[in-house]
Amino acid sequence: MPATVTSISARRQGTFVVLEAHLPGQPARNIGVYLVDPASDRVWLRMRASYDGLVPDKKIPDEDVEVLDALAEDIRSRAAEMGAEAFLQWMEDSLSNVVRVGERQTVEVDAFSRVADRLFDQHVEKLAVDPFRTHVPLYSLRAAAGGLGDEMASEAEDWVRAPEDMRLDPGVFAAHVVGRSMEPRIPDGSLNLFRLHPVGSRQNKILLIQRFGVTDESARYTVKKYTSQKVSTGEDEWRHERIRLEPLNPEFEAWDVEPQDFAVVAEWLRVLE
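Quick caveat, the model's predicted, so the values are computed rather than measured.

A. Expanded view of the overall build of the chain. For the chain, the helix and strand inventory stands at six helices and 15 strands. Taken across its 273 residues, the chain has 45% of its residues classed as buried. Expressed as a percentage of contacts within the chain between residues at least 6 apart in sequence, the contacts between residues at least 24 apart total 62%. When the accessible surface of the chain is totalled, it reaches about 14,600 Å², and 46% of it is carbon and sulfur.

Here it is in structure tokens:
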């Protein structure tokens with residue numbers, strides 16, 4: 001199966017709890033989400049950035065503020081040490097004071113980072129989305145390829161948090177890659193970042209390719225390493241002698257294409273999750 005890009009990967013099951021603050025004389029207030037991937041025993045944690053205003057018109061006791069401020073770092077550290085599931089079980093059995101956990105719930109997941117943000121939006125507070133500064137659009141493959149022309153609108157299905165160390169621009173987007181042909185570098189079902197309309201040499205770059213003349217929608221778009229051989233046809237002129245789309249997984253075969261048979265949609269940048 002060729003590696004393709006899509007908006008929906010194979011669904012997985014996640015387990016999450018909402019973390020609650022129980023302050024004296026106040027109703028419970030949601031302060032975070034603890035999302036577990038049972039397959040990898042890894043946690044995705046989203047916590048309030050500040051506890052100012054958690055209790056309107058009332059000062060939170062200093063000792064409680066200290067507990068809440070240290071909470072996110074403590075949870076991450078102990079989950080890494082014990083394992084996400086074991087630490088969740090410990091919290092369920094042990095927490096009973098300022099911080100408590102709600103009932104376990106299950107959720108379908110395409111990307112845990114994205115679902116953690118969505119759960120935080122739903123249960124705690126709305127995360128600020130600053131397009132192309134903190135977040136990038138999540139596109140279906142067809143919408144991403146729509147950037148090649150004006151025949152379709154490319155509206156984001158959602159916005160995905162980008163790595164803090166990455167410089168963004170309006171050409172960067174997220175999409176899922178499905179298939180094993182680019183493993184291990186691009187895992188099957190992973191969420192990835194791409195940049196539309198790459199400039200410069202394509203040689204040895206990993207590209208999102210749209211293939212023309214292919215009726216199967218799932219095979220029309222592929223992610224492959226691009227290599228080419230060129231021959232000179234005169235002064236400062238050349239032509240492609242061979243263009244090859246190559247998988248990274250040796251279990252899959254490369255194939256040759258003609259220039260008129262494909263278009264480059266975007267350059268692969270990195271695995272997001």
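B. Expanded view of the side chain of His135. Counting through the fold element by element, His135 comes out in strand E7 (residues 135-138). According to the relative accessible area criterion, His135 is buried, its value standing at 4%. At 2.7 Å, the side chain of His135 forms a polar contact with the side chain of Thr134. Contact partners of His135, with chain neighbours within four places excluded, come to Asp117, Ala128, Val129, Asp130, Trp159, Val160, Arg161, Ala162 and Leu168.

C. The arrangement of the layout of surface pockets in detail. Taken as a whole, the largest pocket encloses approximately 500 Å³ of empty space. What lines the largest pocket is a set of 21 residues, and nearest its centre among them are Arg46, Ser113, Arg161, Ala162 and Pro163. The element best represented in the lining of the largest pocket is strand E4 (residues 42-47), accounting for five residues. Of the residues belonging to the lining of the largest pocket, the class tally is ten nonpolar, three polar and eight charged. Within this model, the second largest pocket holds a volume of roughly 160 Å³. If you go around the second largest pocket, the residues you meet are Val67, Leu71, Asp74, Ile75, Arg78, Phe87, Trp90, Met91, Leu95, Asn97, Val98 and Val99. Of all the secondary-structure elements, those providing two or more residues to the lining of the second largest pocket are helix H2 (71-82) and helix H3 (84-94). A per-element tally of the lining of the second largest pocket places H2 first, with four residues. The residue makeup of the lining of the second largest pocket, split by class, is nine nonpolar, one polar and two charged.

D. Region of interest: unusual backbone geometry. Residue Pro184 follows Glu183 across a cis peptide bond; omega there is 5 degrees. Within the secondary structure, Pro184 sits in the loop between strand E9 (172-178) and strand E10 (190-196). Even without glycine at this site, Phe132 takes up a positive phi of about 65 degrees. Relative to the assigned elements, Phe132 resides in the loop between helix H4 (112-123) and E7. Phi is positive for Asn204, which is not a glycine, with a value near 65 degrees.

E. Local environment of the packing of aromatic side chains. Overall, the coordinates contain seven aromatic pairs when judged by the stated rule. The interplanar angle of 50 degrees and the centroid separation of 6.3 Å between the aromatic rings of Tyr34 and Phe87 together place this pair among those described as tilted. Here Phe87 lies in helix H3 and Tyr34 lies in strand E3 (residues 29-37), a separation of 53 residues in the sequence. Comparing Tyr34 with Phe87, the two get one shared label, buried. Members of the aromatic cluster, joined through ring pairs, are Tyr34, Phe87 and Trp90. The ring centre of Trp90 lies 4.2 Å from the NZ or CZ of Arg78, which sits over that ring. Here the basic side chain of Arg202 rests over the ring of Tyr226, its NZ or CZ set 6.0 Å away from the ring centre.

F. Representation of the nonpolar core in the model. Leu19, Ile31, Tyr34, Met47, Leu54 and Leu68 are the most contacted members of the largest nonpolar core, which has 25 residues in total. Among the nonpolar cores identified, the runner-up in size contains 15 residues, and Ile186, Ile206, Val223 and Val265 belong to it.

G. Structural context of the pairing of strand E11 (residues 206-211). Burial analysis of E11 places five of its six residues in the buried class, the great majority of the element. Pairing geometry for E11 and strand E15 (residues 262-271), over five bridges, is antiparallel. Residue pairing in the sheet places Ile209 in a bridge with Val264 of E15.

Calculation rules
Residues numbered from 1 in each chain as written. Predicted model: local features only at pLDDT ≥ 70, side-chain atom pairs only at ≥ 80, totals over all residues. Heavy atoms only, no water. Helix = DSSP H or I, 4+ residues; strand = E, 2+ residues; numbered from the N terminus. Buried < 20%, exposed > 50% of the residue type's maximum accessible area, 1.4 Å probe, protein only. Contact = heavy atoms within 4.5 Å. Areas by Shrake-Rupley, 256 points an atom, 1.4 Å probe, with all protein chains shown as cover. Polar contact = N/O pair within 3.5 Å; in protein donor to acceptor, adjacent residues only side chain to side chain. 1 Å grid on protein atoms, 1.4 Å probe; cavity = no way out; pocket = protein on both sides within 12 Å on 5 of 7 lines; lining within 4 Å. Points joined across faces, edges and corners; volume = space filled by probe spheres on them. Nonpolar A, V, L, I, M, F, W, Y, C, P; charged D, E, K, R; others polar. Phe/Tyr/Trp six-rings, centres within 6.5 Å; stacked < 30°, edge-to-face > 60°. Lys NZ or Arg CZ within 6 Å of the ring centre and 35° of its normal. Core = buried A, V, L, I, M, F, W, Y, C linked by side-chain atoms within 4.5 Å. Pairing = 2+ DSSP bridges.

Treat this as a map of the structure, not an account of what it does.
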